[in-house]
Amino acid sequence: MKLISVDYYLDWPVSIKLKNLRGFIISNLEKKGNLIRWSIVDIQNSIDSFGTKKLKIKAVLSN
């Protein structure tokens, strides 16, 4: 098993409520590989007028 550490940037739309954020993140990360662990490292407000936020996520994946 090979482990890969990645920094992943993800837009957090306003339509995703806080209680659904975990599932949203996991579903996006699982597209990249088998998810071992993840954490939100940074949250930034986006410049656009839609109110989205940009998440920086550090994740460990396996192939």
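In the block above lies the structure referred to throughout.
Residues numbered from 1 in each chain as written. Predicted model: local features only at pLDDT ≥ 70, side-chain atom pairs only at ≥ 80, totals over all residues. Heavy atoms only, no water.

Asks: What is the right way to look at the nonpolar core in this model?
Replies: What tends to happen in soluble globular proteins is that the nonpolar side chains get buried as a cluster. Among the nonpolar cores identified, the biggest contains 10 residues, and these are Tyr-8, Leu-10, Trp-12, Leu-21, Phe-24, Ile-25, Leu-29, Leu-55, Ile-57 and Ala-59. Among the secondary structure elements, those contributing two or more residues to this core are strand S1 (3-12), helix H1 (21-29) and strand S3 (53-62). Every residue in contact with Leu-21, bar those within four places of it in the chain, is listed here: Trp-12, Ile-16, Ile-40 and Leu-55. (Core = buried A, V, L, I, M, F, W, Y, C linked by side-chain atoms within 4.5 Å. Buried < 20%, exposed > 50% of the residue type's maximum accessible area, 1.4 Å probe, protein only. Helix = DSSP H or I, 4+ residues; strand = E, 2+ residues; numbered from the N terminus. Contact = heavy atoms within 4.5 Å.)

Asks: Looking at this model, I keep getting lost on the pairing of S3. Mind explaining?
Replies: A regular strand carries its side chains on alternate faces of the sheet. When S1 meets S3, the two strands line up antiparallel, connected through 10 bridges. Counterpart to Leu-3 in the pairing with S3 is Ser-62. (Pairing = 2+ DSSP bridges.)

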